[in-house]
Amino acid sequence: MSNTQQSPFLGFGLGLRTAHYETILSEKPAVDWFEVITENYLVNGGKPLYYLDSIRAEYPMVMHGVSLSIGAVEVLNFDYLRQVKALAARIEPAWISDHLCWTGVNGINLHDLLPLPYTEEALRHVVDRVGVVQDFLGRRILLENVSSYVTYVHSEMTEWEFLSAVAEQADCLILLDINNIYVSAHNHDFDPCDYLNNVPAERIQQFHLAGHIKQGEIIIDNHGDAIIDPVWALYETALRRFGPVSTLIERDDNIPLFPELLAELQQARRIAAQLARAA
Ligand SMILES: [Fe+2]
């Protein structure tokens, strides 16, 4: 893994959710690819794998994990990684991603994607672990920026500096969540364009788009609402900077009927097509 060669552009995808399994199989909707939550399919059989295989036969897929906890101080969970590798052998995803975060301590999973302190020490720790994971899986992984509501007083660099340094030093790729940038920019009062302008373009392999809710002064990244106009605008800014990037609409809560997600996907396509025409 010595160069930054990206995988092909997959187009415009949706997160695969159980509520839509039957619709997808019966209607074969115009979705270019699906992203699956890795942990939902780390099972030995049954309906989840039946649907996974059936839908995989029709669509490209990528795997998106929530349990890697790449920033945690505990040893990496090789049982988990073995299962991830086996699932990847089964469905041959275009790529595998997880989050730049930690999710717990002392064996307790807090079920939250918690931000790291952005220090040189944390950087060395994460870079080492990404190297181990990539060697084990035999492929480069993508790490996603998480949204955050708190920061650490001893951080020595910005989030985008930390993310960029991890990607460069560990030779991994980046899943840029546009909504998370918007949310964190609001919560921590920075310019989201500074983020976009200072991450390495050649390592951006995928975008996430999602909705959020506002609670008082804080924005919560709940993946349960429609994407708002300022996030669409930031998506357009990102496309101008990075060119075509595989784009995924992420919805984990208040799952709507499939046509509503297709309409959001169409909006992403429209924005990208307009930019391509103007170029
Ligand atoms: Fe995301």
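What comes next concerns the included structure.

What counts as what
- Counting starts from 1 at the beginning of each chain's written sequence and moves along it residue by residue.
- In view of the model being predicted, local features appear only for residues whose pLDDT reaches at least 70, and side-chain atom pairs are presented and counted only at 80 or more, with totals across whole chains, interfaces and linings using the full set of residues.
- Note: side-chain values were computed over all heavy atoms of the structure, leaving out hydrogens and water.
- Each helix corresponds to a stretch of at least 4 residues labelled H or I by DSSP, and each strand to a stretch of at least 2 residues labelled E; elements are numbered beginning at the N terminus.
- Accessibility here uses a 1.4 Å probe with only protein chains present; expressed as a share of the type maximum, an area under 20% marks a residue as buried, one over 50% as exposed, and anything in between as partly exposed.
- Contacts are residue-level and defined by heavy atoms, with any inter-residue pair within 4.5 Å sufficient.
- Coordinating N, O and S atoms are those within 2.8 Å of the metal (3.2 Å for Na, K and Ca), and as water is not part of the atoms, a site may appear to have fewer donors than expected.
- Two rings from Phe, Tyr or Trp (for Trp, the six-membered ring) form a pair when their centres are within 6.5 Å of each other. A pair whose planes differ by under 30 degrees is stacked, one over 60 is edge-to-face, and the rest are tilted.
- We count a charge as sitting over a ring when the NZ of a lysine or the CZ of an arginine lies within 6 Å of the ring centre and within 35 degrees of the ring normal.
- Here, the term nonpolar core denotes a set of buried Ala, Val, Leu, Ile, Met, Phe, Trp, Tyr and Cys residues that are joined through side-chain atoms within 4.5 Å.
- A pair of strands is considered paired only if DSSP assigns at least 2 bridges between the two.
- Helix axes use the C-alpha atoms of the stretch in contact, all axes being lines fitted to C-alpha atoms, and the angles between their N-to-C directions lie in the range 0 to 180 degrees.
- We call a crossover right-handed when, viewed with the strands running away from us, the connection from the first strand over the helix to the second turns clockwise.
- Counted as salt bridges are all cases of a side-chain nitrogen of Lys or Arg within 4 Å of a carboxyl oxygen of Asp or Glu.

1. Things to note about the side chain of Arg17
Topologically, Arg17 is positioned in the loop between strand E1 (12-15) and helix H1 (21-27). Owing to a relative accessible area of 10%, Arg17 belongs among the buried residues under this scheme. Residues contacting Arg17, with those up to four places away along its chain left out, are Glu35, Ile37, Glu250, Arg251, Asp252 and Ile255.

2. Things to note about the coordination of the iron ion
The coordination sphere of the iron ion, as far as protein atoms go, consists of Glu144 (OE), Asp177 (OD), His208 (ND1) and Glu250 (OE), spread over 2.0 to 2.4 Å. Here the donor residues of the iron ion are spaced in sequence according to E-x32-D-x30-H-x41-E. Remark: Glu250 occurs in the loop between strand E12 (246-249) and helix H9 (258-278) and Asp177 occurs in strand E8 (residues 173-177); sequence separation between them is 73 residues. Note on accessibility: Asp177 and Glu250 belong to one class, buried.

3. Details of the packing of aromatic side chains
Enumeration over the complete set of coordinates arrives at 13 aromatic pairs. Plain terms: the ring middles of Phe9 and Phe12 are 6.1 Å apart, the flat faces sit at 85° to each other, and that makes the pair edge-to-face. On the numbers, 4.9 Å between centres and 45° between planes, the contact of Tyr118 with Phe162 is tilted. Of this pair, Tyr118 sits in the loop between strand E6 (108-114) and helix H4 (120-137) while Phe162 is found in helix H5 (residues 159-170), placing the two residues 44 residues apart along the sequence. Judged by its relative accessible area of 11%, Tyr118 falls in the buried class. Overall, Phe162 belongs to the buried group, its relative accessible area being 0%. Every member of this aromatic cluster is reached through a ring pair, and the members are Phe207, Trp232, Tyr235 and Phe242. The cationic tip of Lys85 hangs over the ring face of Phe136; the distance from NZ or CZ to the ring centre is 5.0 Å.

4. Comments concerning the nonpolar core
What tends to happen in soluble globular proteins is that the nonpolar side chains get buried as a cluster. Within the largest apolar cluster, 77 residues are counted, with the highest numbers of intra-cluster contacts made by Leu16, Phe34, Phe162, Leu176, Phe207 and Tyr235. By size, the runner-up hydrophobic cluster in this structure holds eight residues, among which are Leu10, Trp33, Trp95 and Leu142.

5. A look at the sheet that holds strand E4 (residues 96-99)
In any sheet, the strands associate via hydrogen bonds between backbone groups, in a parallel or an antiparallel arrangement. Read around the barrel, eight strands follow the order E1-E2-E3-E4-E7-E8-E9-E12 and close on themselves; strand pairing throughout is parallel. The average undirected angle you get between the axes of adjacent strands in this sheet is 25°. Bridge count for E1 against strand E2 (residues 33-37) is three bridges, and the pairing is parallel. Looking at the pairing, Leu14 lines up with Phe34 of E2. Running at roughly 170° to strand E3 (residues 61-64), helix H3 (residues 78-91) makes contact with E2, E3 and E4 of the sheet.

6. Things to note about the pairing of E4
Taking every second residue as pointing to the same face, both faces of E4 are buried, with Ile96 and Asp98 on one and Ser97 and His99 on the other. As judged from the two bridges shared by E3 and E4, these two strands associate in the parallel manner. The residue of E4 that forms the bridge with His64 is Ser97. You can see the chain leave E3, run along H3 and come back into E4, and the turn it takes is right-handed.

7. As for the pattern of salt bridges
Evaluation of the coordinates by the stated rule reveals nine salt bridges. Ionic pairing is found between Arg269 and Asp32, a salt bridge with its closest N-O pair at 3.3 Å. Residue Arg269 is found in helix H9, and its partner Asp32 is found in the loop between H1 and E2; the two are separated by 237 residues along the sequence. Residue class for Asp32 comes out partly exposed when judged on its relative accessible area of 29%. A salt bridge links Arg90 to Asp53; its shortest N-O distance comes to 2.6 Å. Pair noted here: Arg90 is in helix H3 and Asp53 is in helix H2 (residues 47-56), with a separation of 37 residues, a long-range link. Among the residues examined, Asp53 registers a relative accessible area of 30% and is labelled partly exposed. A network of salt bridges, in which partner residues are shared, links Arg140, Glu168, Asp171 and Arg203.

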